[in-house]
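So you can see what is in the structure, the chains are spelled out below.
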Amino acid sequence: MKRRKEIQMELEKIFLDPTNLPIQYKKICERVRARGEEKELVGSLLDELRQVGKAVKTGRGYSSPTKENMIVGTFSPNERGYGFVRMENGARDLFIPSSSTGGAFDKDKVLCKIRRAEERDRLAEGEVVEILERGINKIVGIYEKSKNFGFVIADNKKIFEDIYIPGRLSKGAVSGQKVVVKIIKFPESGNPEGEILEIIGHKDDPGVDILSIVKEYDVPIDFPNPVLVELKGIKDEVSEDEKKGRKDLRGEVIVTIDGEDTKDIDDAISIVKLSNGNFRLGVHIADVTHYVSEKSNLDKEALKRGTSIYLVDRVIPMLPHQLSNGICSLNEGVDRLALSCIMEINLDGQVENYEIACSVICVSKRLSYNIVKEVLEGETSRMEVYKDYIPMCHIMEELSKILYHRRERRGSVEFVTAECKIYLDDEGKAKEVLRYERNTATQIIEEFMLICNETIAEDFSKKGLPFVYRIHEKPDELKIDELSKFVKGLDYKPLDASHIKTEDLQRLLKEVQGSKEEAIISRMMLRSMKQARYSSINEGHFGLAARYYCHFTSPIRRYPDLQIHRIIKESIKNALDSKKMASFKKRTLETAEKSSMAERVAEEIEREVESYKKAEYMQRFIGKEFTGTISGVTSWGFYVELENTVEGLVRLSSLEDYYIYNELRHSLVGEESGHVFSLGDEVCVVVENVNVLNREIDFTMRGKA
């Protein structure tokens, strides 16, 4: 193992110095002093470097991509045959003509030779010379049976060829069924060949549409047998032995506040106002690690999944329902094991002192966001039933406002984002799409979870222990510069892109509050931000303007929370010896990387399902008129968002006048009429066409434009 690392480091040094490239394999072996079987190791390590784009093989030997005017990126095809390669370093795309795709498919990692340099108004042009890694080897689609064979029409709109299925590999599928196909042959031209791995169900069966989207991302749904075997050893109730040695909080008034239909409840709240005017806030989180031990089959499967995925008709849980909805869920009236963070918070929102403890709790009452909202607003029908919790709700509201204003003072940014709730009928079809409005109760829980997560992160950062942080880096300067130019065009004060601070973004959001541009600027600002991610190194959270932040409060549905619970519990027991520290350090790196990737996949699936169901819902309204707001302007048309958050495209080709795109002002100007379509404008549109499979909704303008 040591020798492998030595050779690997030497090889990487070779390809960092272009002056000695290209270099023959024999010379490389001499440079790294490889003998005997080590020469085979050199060959495999060179292949690994080629796979990640650090080395290329030419007729003159091995070289670096830069030296050979080559780049590595991800291929994205167009239905007309050509495609683009997206660079991993964020550079502009590389255009690939239809004659130069080299048989590459959507999402393939490819090595390209640059044939023509980039010009001011034209992308660089290249040729795919090698497919380094296939991005897709499983495809979901509709099977169509012929006499001796069949073919699958892919759901992925970027796979334009039908997949040929030999009769012997059809698994008995019939026409109209949704199937999962493994591609077994990728030809440079013509149809790929595949084998059916799974029949999902008929395309018209309830739930098959959503299941097909999930299968396309190759996300596990059912739990493997070793996990189910482990579940059998977990009891449904907390035993007396399990309660020993824990802080007993069963005498306190503790409530949960969640959505009406939430089944996996992992956080609970206790709160009192002290005689000195301060608040004592307890955030009690399900002790999932008591049941999911490190490196068990349950733990391995949870790490693999990374997160629960919440879809309109189902939840794909990180943990089996027996745990997530059972013994780990903080249900009303039953004893549960928890990790509690009990904080004393002053009237300025500062945490003066805190305690982190393994506890046993018994939730006094299950509340919901709607119940708390109605209690705080004095809704008479709720007052009698929940009268014992009215004072508690008002104390929670008081503290949440204090915490919010504390965040506001330090520059924390609040983005205006549109969320929706989709309701399905008995056939699994979308019957209603409604805008979801956040209320006082959601704000209360959000503030309490934020202060708890900050407190935990600061504590462990200062202790210098291995940990998993939730970080949010500063936004990209170019994107902030683009936002700055846009707001300047609307007569707002521009931003200093090179020295951007959260206070600057907060100031801008306050300036546009209540204006027609508010939602659009908030959306553009959000798009200019980098994505938050997990890291074993604390780099702070830009959006929250927080020096310390982590995810501690949802161990049922997020793996990073689960992992840091283990570290916290070992710290409480003073059991972090050098061996355990080394293990946790390695584990936090793995957790951060895998959980960040799993989170991205979950977000994509949730977004795809939502878009699909919105398109399905809008099918019934073809020919109907709606009023909406222009949410995006491009050179091919403008997007309009309706009140229920559904978004559709008005294509330039559908407009009577010839419109010129003003990129700086994000607007379209009619050449003859002078009419302007700008971000934030209210317009009246007609639903012209809906393509559910492609998640596309086309609008046209009512009347002339």
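As a convention, each chain's residues are numbered from 1 in the sequence order in which they are written. With the structure being a predicted model, the display of local features is reserved for residues of pLDDT at least 70 and the display and counting of side-chain atom pairs for 80 or more, all residues being used for whole-chain, interface and lining totals. The side-chain numbers reported here are obtained from all heavy atoms of the structure, hydrogens and water having been left aside.

Q: Would you mind showing me how to read the packing of helix α16 (residues 559-572) against helix α17 (residues 578-618) here?
A: In a pair of packed helices, the angle between the axes and the distance between the axes together describe the arrangement. Packing of α16 against α17 leaves a shortest axis separation of 10 Å and a crossing angle of 165 degrees. On the basis of their axis angle, the class for α16 and α17 is roughly antiparallel. For α16 against α17, the interelement crossing comes out left-handed. In this structure, α16 contributes Tyr559, Pro560, Gln563, Arg566, Ile567 and Glu570 to the contact, and α17 contributes Lys580, Phe584, Arg587, Thr588, Thr591 and Ser595. Classification used: nonpolar for Ala, Val, Leu, Ile, Met, Phe, Trp, Tyr, Cys and Pro, charged for Asp, Glu, Lys and Arg, polar for all others including Gly. Along the lines of polarity and charge, the residues of the contact of α16 with α17 split into 4 nonpolar, 4 polar and 4 charged. The convention used is that axes are lines fitted to C-alpha atoms, helices contributing only their stretch in contact, and that angles between N-to-C directions extend from 0 to 180 degrees. Numbering of helices and strands runs from the N terminus; a helix is a DSSP stretch of H or I covering at least four residues, while a strand is a stretch of E covering at least two. By definition in this entry, angles of less than 35 degrees are roughly parallel, angles greater than 145 are roughly antiparallel, angles of 65 to 115 are roughly perpendicular, and the rest are oblique. By the definition used in this description, the sense in which the near helix is turned from the far one sets the handedness, with an anticlockwise turn below a right angle giving left-handed and a clockwise turn giving right-handed. Whether two residues are in contact is decided by their heavy atoms: any pair within 4.5 Å suffices.

Q: Got a minute to help me understand the layout of surface pockets in this structure?
A: One water molecule sets the probe size; rolling that probe over the atoms shows where empty space is left. Computed from the structure, the second largest pocket encloses a volume of approximately 300 Å³. In the cavity and pocket records, a cavity denotes points on a 1 Å grid over the protein atoms alone where a 1.4 Å probe fits but cannot get out, a pocket denotes an open set with protein on both sides within 12 Å along at least 5 of 7 lines, and lining residues are residues with an atom within 4 Å of a point. As for the second largest pocket, its lining consists of 15 residues, of which Arg406, Glu454, Thr455, Glu458 and Tyr548 are closest to the centre. Elements with a contribution of two residues or more to the lining of the second largest pocket: β20 (351-362), α11 (390-410) and α12 (440-463). Per-element accounting of the lining of the second largest pocket gives the leading share, 6 residues, to α12. Grid points are joined across faces, edges and corners, and a volume is the space filled by probe spheres set on the points.

Q: How should the sheet that holds strand β29 (residues 659-662) be read in this particular structure?
A: Note on sheets: strands pair through backbone hydrogen bonds, and any given pair is parallel or antiparallel. Any two strands with at least two DSSP bridges between them are considered paired. Ordered in space as β29-β30-β31, the 3 strands form an open sheet in which the pairing is antiparallel. Of all the strands in the sheet, the pair left with one neighbour each is β29 and β31 (676-678). For this sheet, the mean angle separating the axes of adjacent strands, direction not counted, is 20 degrees. As judged from the 4 bridges shared by β29 and strand β30 (residues 667-670), these two strands associate in the antiparallel manner. Within β30, the position partnered with Tyr661 by the bridge is Leu668.

Q: Is there a simple way to explain the environment of Glu419 in this structure?
A: Within the fold, Glu419 resides in strand β22 (residues 419-424). Placed 100 residues apart in sequence, Glu419 and Leu319 show a C-alpha to C-alpha distance of 26 Å. In contact with Glu419, not counting residues within four places along its chain, are Leu434, Arg435, Tyr436 and Thr645.

Q: I keep staring at helix α14 (residues 502-512) and nothing clicks. Help me out?
A: Spacing of three or four residues puts side chains on the same side of an α-helix, whose turn is 3.6 residues. Buried residues are those whose accessible area, probed at 1.4 Å on protein chains only, stays under 20% of the maximum for their type, while exposed residues exceed 50% and partly exposed ones sit between those limits. All of the buried residues along α14 are Thr502, Leu505, Gln506, Leu508, Leu509 and Val512. The buried residues of α14 occupy an angular sector of 160 degrees when the element is viewed end-on, so they sit on one face. On its buried face, α14 sits against α11, α13 (477-489) and α15 (518-528). Two residues or fewer past α14, Gly514 is found with a positive phi of approximately 90 degrees. The arc in question is the one traced by the directions running from the helix axis out to the C-beta atoms.

Q: Can you walk me through the environment of Asn297 in this structure?
A: One can find Asn297 in helix α7 (residues 297-305). The residues touching Asn297, leaving out its near neighbours within four places in the chain, are Pro226, Val227 and Glu230.

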